[in-house]
Amino acid sequence: MTAPTLDTPLPLTLPEMGCGTWAWGNQLLWGYDPSMDADLQQVFNHCLSHGVTLFDSGDSYGTGRLNGRSEALLGQFAKDYQGPYRESLCLATKLAAYPWRLTVGSVVKAGAASAQRLGQPIDLVQMHWSTANYLPWQEAPFLDGLMDLVEQGQARAIGLSNFGPKRLRLAQQRFQDRGLSIATLQVQYSLLSTYPVTELGLKDLCDELGIRLIAYSPLALGLLTGKYSAQGPYPTGIRGFLFRQLLPKIQPLLDTVAAIATHRQKTSAQVALNWCVCKGTIPIPGAKTLAQAEQNIGALGWRLDTSEVEELDRAGQTSDRQMVQNIFQSR
């Protein structure tokens, strides 16, 4: 089948907060099962009907034979949805920089397959990670492939993920040479992962270049939700191992978040997400249930004041441990 294409790309409109769909199809880390699909459709409908119009996926999302499952579900849910904000829906996906995607054509082919699963042209097509740390020359043809997707009408806008300032400037110049621009940059950013902003200075650079900064894992895989304590119980699998290492070290930060949440009559998760918004980023927390989606949306419509943001900043900076950074995050 031919991938869907755009006649004339429309400007990209981004909300204050999006919804990440990493868990939609991922059995290894998030315990996905197809029986969850009806709940995930409820999540999609509730988020979109409340103005959370950005849904972020990836062609690698899904475990094993379920690779691409997240995109396929998004395509199905978007097709079925008839509620408000439909015209503002932004389906974003990230194309994995697999070692065999070495040519422009391989990237275009991957984008066409994603558009087919989504059932529409990709609103925001992104390079999933920088290859600077191990195969820097792969980036140039990959970026050219993303630009070809836009020029062919298979995507509306282009974003990057896990690029540091040096690689971002190089990419920006490559795009400018073809009269195109970078719309967004995704980095791991939360109260437990401030490195991309505090040490790499990416927020300031994105502001300079007119790029919106998207914060993935804004709840640090669930550590900032207030659901877990050092005494347990812990989630299963890899997350449980990580939580056992981190929770005893970050309790002062969690206490600060909880105190502000109590004062605000909000949840810890809502405070952590609102902090990301106050920092000028677009957080994309995940949600597998309607209750989680409702909680995430409760982070909108209000703002932490300056003193609360500063208090959270201090608590995060003095925390004994930060989240492990993505190994593909470049400089």
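For the structure, check the block above.
Residues numbered from 1 in each chain as written. Predicted model: local features only at pLDDT ≥ 70, side-chain atom pairs only at ≥ 80, totals over all residues. Heavy atoms only, no water.

S.K.: Is there a simple way to think about the overall build of the protein in this case?
M.R.: Of regular secondary structure, the protein possesses 13 helices and 8 strands. The C-alpha radius of gyration computed for the protein amounts to 19 Å, which stays within 12% of the reference 20 Å derived for 331 residues, consistent with globular compactness. Projected onto its principal axes, the C-alpha positions of the protein cover 50 × 40 × 35 Å. Buried positions account for 56% of the 331 residues belonging to the protein. Considering only contacts within the protein whose residues lie at least 6 apart along the sequence, 80% involve residues at least 24 apart. Element-wise, carbon and sulfur atoms account for 52% of the exposed surface of the protein, whose accessible area totals about 14,100 Å². Charged side chains of the protein number 28 positive and 28 negative; the gap between the two group centres comes to 5 Å. (Helix = DSSP H or I, 4+ residues; strand = E, 2+ residues; numbered from the N terminus. Rg over C-alpha atoms; globule rule 2.2 N^0.38 Å. Buried < 20%, exposed > 50% of the residue type's maximum accessible area, 1.4 Å probe, protein only. Contact = heavy atoms within 4.5 Å. Areas by Shrake-Rupley, 256 points an atom, 1.4 Å probe, with all protein chains shown as cover. Lys, Arg positive; Asp, Glu negative; His and termini not counted. Charge placed at Lys NZ, Arg CZ, Asp CG, Glu CD.)

S.K.: Which parts of the structure should I look at to understand the nonpolar core?
M.R.: Across soluble globular proteins, nonpolar side chains have a tendency to be buried as a group. Formed by 93 residues in total, the largest nonpolar core has its most connected members in Trp24, Phe44, Leu146, Leu160 and Leu185. Among all residues touching Trp24, those that are not within four sequence positions of it are Cys19, Tyr32, Leu40, Val43, Phe44, Arg69, Ser70, Leu73, Leu74, Phe77 and Ala287. Formed by 10 residues, the second largest nonpolar core is a distinct cluster that contains Leu14, Leu54, Ala92 and Ala157. (Core = buried A, V, L, I, M, F, W, Y, C linked by side-chain atoms within 4.5 Å.)

S.K.: Can you walk me through the pattern of salt bridges in this structure?
M.R.: Opposite charge on two side chains allows them to pair when their charged atoms are near. On inspection of all chains with the given rule, the structure shows 15 salt bridges. The shortest N-O distance in the salt bridge between Arg303 and Glu16 comes to 2.5 Å. Of this pair, Arg303 sits in the loop between helix H12 (290-297) and helix H13 (306-317) while Glu16 sits in the segment before strand S1 (19-20), and the two are 287 residues apart along the sequence. Note that Lys279 is salt-bridged to Asp313, the shortest N-O span being 2.8 Å. (Salt bridge = Lys/Arg side-chain N within 4 Å of Asp/Glu carboxyl O.)

S.K.: Is there a simple way to think about unusual backbone geometry in this case?
M.R.: Keep in mind that most residues, glycine aside, have a negative phi and that most peptide bonds are trans. Look at Leu221: it is not a glycine, yet its phi comes out positive at around 60 degrees. The residue Leu221 is located in the loop between strand S7 (212-216) and helix H9 (237-246) in this model. Among the residues examined, Leu221 registers a relative accessible area of 16% and is labelled buried.

S.K.: Explain the sheet that holds strand S8 (residues 282-283) here, please?
M.R.: Neighbouring strands of a sheet are bound in pairs by backbone hydrogen bonds; such pairs are parallel or else antiparallel. The 8 strands lie next to each other as S1-S2-S3-S4-S5-S6-S7-S8, forming an open sheet whose pairing is parallel. Unpaired on one side and paired on the other, S1 and S8 mark the two borders of the sheet. The pairing of S1 with strand S2 (residues 54-58) spans 2 bridges and is classified as parallel. From the neighbouring strand, Cys19 faces S2, where its bridge partner is Phe55. This element, helix H4 (residues 104-118), spans strand S3 (90-95) and strand S4 (122-127) of the sheet and lies at about 145 degrees to S3. (Pairing = 2+ DSSP bridges. Axes fitted to C-alpha atoms, helices over the stretch in contact; angles between N-to-C directions.)

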